[in-house]
Amino acid sequence: MIIHTVAFKTKHPAGSPQEQAFLTAGVVLAKLPMVNNFQCYRQVGQKNEYDFGFSMEFANQADYDAYSNHPEHVAFVENIWKQEIDVFLELDYVKHESF
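Residues numbered from 1 in each chain as written. Predicted model: local features only at pLDDT ≥ 70, side-chain atom pairs only at ≥ 80, totals over all residues. Heavy atoms only, no water.

### Things to note about the pattern of salt bridges
Our working definition: Whenever a carboxyl oxygen of Asp or Glu lies within 4 Å of a side-chain nitrogen of Lys or Arg, that contact is scored as a salt bridge. The secondary structure listing takes helices from DSSP runs of H or I that are at least 4 residues long and strands from runs of E that are at least 2 residues long, numbered from the N terminus. Buried means the residue's accessible area, taken with a 1.4 Å probe over protein chains only, is under 20% of the maximum for its type, while exposed means over 50%, and partly exposed covers the values in between.
Enumeration over the complete set of coordinates arrives at two salt bridges. Between Lys9 and Asp51 there is a salt bridge; the shortest N-O distance is 3.1 Å. With Lys9 in strand E1 (residues 2-10) and Asp51 in the loop between strand E2 (36-42) and strand E3 (52-58), this residue pair connects regions lying 42 residues apart in the sequence. With a relative accessible area of 27%, Lys9 lands in the partly exposed category. Under the relative-accessibility criterion, Asp51 is labelled partly exposed at 25%. The residue Glu78 makes a salt bridge to Lys82 at a minimum N-O spacing of 2.8 Å.

Next up, the structure:
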């Protein structure tokens, strides 16, 4: 299993309708057939500059690759993400063999 996470800050004012519209638009990713356990999080800590996070799981590398190249994901990144996100950090995890 691969856990894909991205922490981000939008270009919109906190609590604005534009910020909420972006988060709502992100739900399109949850509907892709290879995406499991999609979550949207709001940052509550003070140790970084990010305000939100998306998290999702993939059964294997093939599903992750299919997601990365899926037309709806590519369109979201090109038409929404790149215009509305100020900064982000993307992390992908697999379980460490020792645990």
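### Structural notes on the pairing of E1
We count it as follows: Here, strands pair whenever DSSP counts at least two bridges between them.
When E1 meets E3, the two strands line up antiparallel, connected through seven bridges. Following the sheet pairing, Phe8 is matched in E3 by Phe52. Pairing between E1 and strand E4 (residues 85-93): eight bridges, direction antiparallel. Along E4, the bridge assignment pairs His4 with Asp92.

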